[in-house]
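The lines below spell out each chain.
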Amino acid sequence: RTLFLEPYRNNIVCCGSHWFVNVRLEEEKPIFNKQRIDFSPPEKINHFAVCNNQLCMSLGKDTLLRIDLAKPDQPNQIELGRKDDSRVHKLFLDPTGSHLVISLSTSECLYLNRNTQKVRSLSRWRGHLIESVGWNKLLGTETNTGPILVGTSQGIIFEAEISASEGSLFNTNPDQYFKQVHSLEEDGRPAPVCCIEVERGPESKVVIIATTRKRLFQFVGRVAEGSEQQGFSSVFSQNQELLPSFQEFPFNMGYSEITFYTSKLRSCPKAFAWMMGNGVLYGQLDYIRPDSVLSDVQVWDYTPDIDFSFNKPISIVLTQFHFLLLLPDRVKAICTLNGQVVYEDVFPDKFGTLKKMIKDPAGGLVWIYTEKAVFRYHIQREARDVWQMYMSMNKFDLAKEYCRDRPECMDMVLAKEAEHCFQNKRYLESAKCYALTQNYFEEIALKFIEAKQDEALKEFLLKKLNHLKQSEKTQITLLVTWLTELYLNHLGLLESAEGKHGVFQETRDEFRKFLSSSKHKECLYNNRTTIYDLLASHGNVDDMVYFSVIMQDYERVISHHCQHDDYSAALEVLSKHCDEKLFYKFSPILMQHIPKKVVDAWIQMGSRLEPKKLIPALVNYSQMGSTQQVNETIRYMEFCVYQLTVTEEAIHNYLLSLYAKYKPDSLLLYLEQAGTHASYIHYDLKYTLRLCAEHGYLQACVLVYKIMELYEEAVDLALQVDVDLAKSCADLPEDDEELRKKLWLKIARHVVQEEKDVKKAMNCLSSCNLLKIEDILPFFPDFVTIDHFKEAICSSLEEYNQHIDELKQEMEEATESAKRIREDIQEMRNKYGVVENQEKCAACDFPLLNRPFYLFLCGHMFHYDCLFLEVTPHLSTYKQTKLGELQKKLAAATQTSKSRHCPAPKEKEEGGDTASLGKESAGVSREQIKSDIDDIIAFECVYCGELMIKSIDKPFIDPQKLEEEKSSWL
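Residues numbered from 1 in each chain as written. Predicted model: local features only at pLDDT ≥ 70, side-chain atom pairs only at ≥ 80, totals over all residues. Heavy atoms only, no water.

1. Regarding the overall build of the protein chain
- Scanning the protein chain from terminus to terminus reveals 34 helices and 36 strands.
- When each of the 970 residues of the protein chain is scored for burial, the buried share is 44%.
- When contacts within the protein chain are restricted to residue pairs at least 6 apart in sequence, those whose partners lie at least 24 apart make up 50%. (Helix = DSSP H or I, 4+ residues; strand = E, 2+ residues; numbered from the N terminus. Buried < 20%, exposed > 50% of the residue type's maximum accessible area, 1.4 Å probe, protein only. Contact = heavy atoms within 4.5 Å.)

Here it is as structure tokens:
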């Protein structure tokens, strides 16, 4: 930093821990910049007026010079044409710069419009020496002044109106009317109206300010909307009943002058300054006040160097923060904020005595003239040092307003305001200001600590924290931790104090708002362990739980509730935030105390929880818990199986174990609902079999055996329960008749030997068609008579005879079928087709008879090679391989026959489903090979058979040849 600042060492402003570099590339220009106009008047300048960039001056006795400042190189000189000894007394130019009133010393008045060269006489004004004119800023135009007020040397105020038009035949004067509306006095005698001003305020309020040599009059009234053209008579009449509102000063210097400051053109003035004998009265204008519009009025006494005997003040001009006072040889600028002379400009004697100072409201320029020269003041950056004055006056809000774009100045104002508030024991305001300054953080903090102002310190830290950047992580961490400690200390004091419950609650809400601030969430999260330690050290459990929720540290919250046996609150937090891991962790302890609510929460979570991970909690307390815990465990397991359709084997096995131990009636129902097909069963069959066997549930064991397809074991076990159950098991192996017969024999043996029920044994024969009487006879004892089997034996013999008859009928039908087949074969051998010589191949569209061909019953005809190409892509890999082998064998056989000089075979036509035209070969093997080839490629018509149907989903062009096909079209 030293190297960087070295070149600017003389322009460095230090504000706390920050440095502001104030580099001035050039000297600051003065606020009041004087410039002499390059103009040498041909005669002495008598009077001067300027407004709206229109400049008028009276030269010598009879010359008037007009200059449009937008076109200064085109001056306009007019002769007044006066032959008498009259001279120009004063010039009055309206705000538009269009109407010029020339007051002559002979109590006459002339009028000149900007757009004409003709000077016209105001005949109605004759006989009055005009001292002031109050222009109508609302109704004045380039051609008409509207109602205006005119003040004379005799204290009379007239209302008049001037029009630039030529008028009618009988009235060619520009003055429309001229009537008296009021008169002013001093000490009982008429006094000249030095200045008169007309302003319009809000709500149709009209304010007229007129001054004499030592009095300032105010006339305030209202003019009905739309009646402005009627003039100001009503305003004066409204004030006739009251005493005249004026301010009077004792000293009289023979004249006075009032000036106004307007921030914007054609708006109401905001301030005024009245130059009179006792000094300068200046203040603000408040149009809301009902009686007087003057407010914050104060008098600036003339400095000792102003002596009325030889250098009385001549003119005054008011700017935003200064008023300029014109003396015979100099100009003084006085600040309206503190009354100090901030600028003084002395003019050389060579230019002569200063005559008048005028401000053009349109451009803000100030003009001064002597008899020989004209000067112009340009006022720039008038407010640049105002902040210092407001700061010295302890008006800090205004000071900050005027240094917003100057951070080094703003910092000084804030520091001064903070110090001022601190000294006046306004510690909170001081803290807010200090937080915005660049002063050293440690000094300010220690200042509040030494004053034992924890609230102010907290406010300072909060404001400082809010102005830190997110990148300043260390500073943020420090402030957040410190503020937490301050809040906790304050809460501890308020909690133990009596009658502070309301303040305690407000502070707690503020603290919680601080903890939940999104701006510092990252810092709080990264340092949550430190915050937890601070909260724990103060024993602030409630806020620790609140902070845990904000940090989404629900595990800590739930642990807190569990430690305080508030299991319902813990479950509420769990259910609200639906964190699966927390459910797995805290379910065991919650299941121990509130099983029903826990299971309800699990069911509400649905498929978001993995039931397998909850089994440890269920197993522990279902084994050692109460009946309620067991029932709730079964309820959740049933929800998983029947509602969530969980297929995990562990869930189903556990439910089965619960059924076996606590609800045996539901065990068999579950097994039956699970089905008998092994692929749809989600429990372990062997585990279930062992479980049922241990608890003696034989019927359930039979069901499991049936699912395992251990039918013999199922029948053996079912016979211990019920014969009908055994019968249902015996019929299950439908595809294995030998096993079915064996199982039914087991049942029959059991019925005969164990139950000794011959009738039931006979029923077994009717239930199973595989058993014959001869199969079960060995099971009966020797003492059983044949009467018990008579009916069964007869029925068996009848079945044998019926079976023999059925076999004979089948043999006859087979013989007849063979006969019909032989006839069909013979008929097909004699079948033929006719091929015309113009027939063409269905594939290549060339004449058919040029090469060997096939004729199908459907009418399609193909060349041998064309059909081969059409069929081959659709054949399976096996048939394609076999076809290639047959072609090789055919080629070899043909070569062998040629070598033996076999005669050339002739074409023949074949019948059946296809017809083949080829050459007869000398050998039988060659003919067989051709027949095998025909069986493959001419098995059916390629356009009408199954090949065409199977190829419906295949693309017309092979994907591997697609690019090649595309390129062939380009």
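2. Here's the deal with the pairing of strand β10 (residues 109-113)
- Burial runs high along β10: five of the five residues are buried.
- What sits between strand β9 (residues 99-104) and β10 in their antiparallel hairpin is a turn of four residues, with S107 showing a positive phi close to 60°.
- Alignment of β10 against strand β11 (residues 120-121), held across two bridges, turns out to be antiparallel. Its bridge partner lying in β11, Y111 is registered against R120. (Pairing = 2+ DSSP bridges.)

3. Points about the packing of helix α20 (residues 649-662) against helix α22 (residues 685-695)
- The interhelical angle for the contact between α20 and α22, taken along N-to-C directions, is 10°, at an axis separation of 10 Å. Between α20 and α22, the interaxial angle falls into the category roughly parallel. Counting all contacts with α20, which are made through N653, L656, S657 and A660, the residues of α22 involved are Y687, T688, L691 and H695.
- Considering only residue class, the contact of α20 with α22 consists of four nonpolar, four polar and no charged. (Axes fitted to C-alpha atoms, helices over the stretch in contact; angles between N-to-C directions. Parallel < 35°, antiparallel > 145°, perpendicular 65-115°, else oblique. Nonpolar A, V, L, I, M, F, W, Y, C, P; charged D, E, K, R; others polar.)

4. As for α20
- Helix length check: α20 (14 residues) gives 20 Å between terminal C-alpha atoms against 20 Å at 1.5 Å per residue, within 8%.
- Most of α20 is tucked away, with 10 of its 14 residues classed as buried.
- Among all positions of α20, only I651, H652, N653, Y654, L655, L656, S657, L658, Y659 and A660 are buried. (Expected span 1.5 Å × (residues − 1).)

5. Quick look at unusual backbone geometry
- A positive phi angle is found at N53, which is not glycine, with a value near 65°.
- Residue placement: N53 occurs in the loop between β4 (45-51) and β5 (54-59).

6. Re the nonpolar core
- Formed by 72 residues in total, the largest nonpolar core has its most connected members in L590, W602, Y636, M637 and L671.
- In this structure, A435, L486, Y487 and L515 belong to the second largest nonpolar core, which totals 41 residues. (Core = buried A, V, L, I, M, F, W, Y, C linked by side-chain atoms within 4.5 Å.)

7. Looking at a nonpolar patch on the surface
- A cluster of nonpolar side chains, contributed by F956, I957 and L962, occupies part of the molecular surface with about 360 Å² of accessible area.
- On the secondary structure map, I957 appears in the loop between α33 (946-950) and α34 (962-969).
- With a relative accessible area of 35%, I957 lands in the partly exposed category. (Patch = residues over 30% accessible without salt bridge, like charges linked within 9 Å, V, L, I, M, F, W, Y side chains within 5 Å. Areas by Shrake-Rupley, 256 points an atom, 1.4 Å probe, with all protein chains shown as cover. Salt bridge = Lys/Arg side-chain N within 4 Å of Asp/Glu carboxyl O.)

8. Overview of a positive patch on the surface
- A contiguous patch of positive charge on the surface is contributed by K879, K882, K889 and K950.
- In terms of residues, the positive patch owes the most to one element, helix α31 (residues 877-899), which gives three residues.
- Within the secondary structure layout, K879 lies in helix α31.
- Since its relative accessible area comes to 42%, K879 is described here as partly exposed. (Lys, Arg positive; Asp, Glu negative; His and termini not counted. Charge placed at Lys NZ, Arg CZ, Asp CG, Glu CD.)

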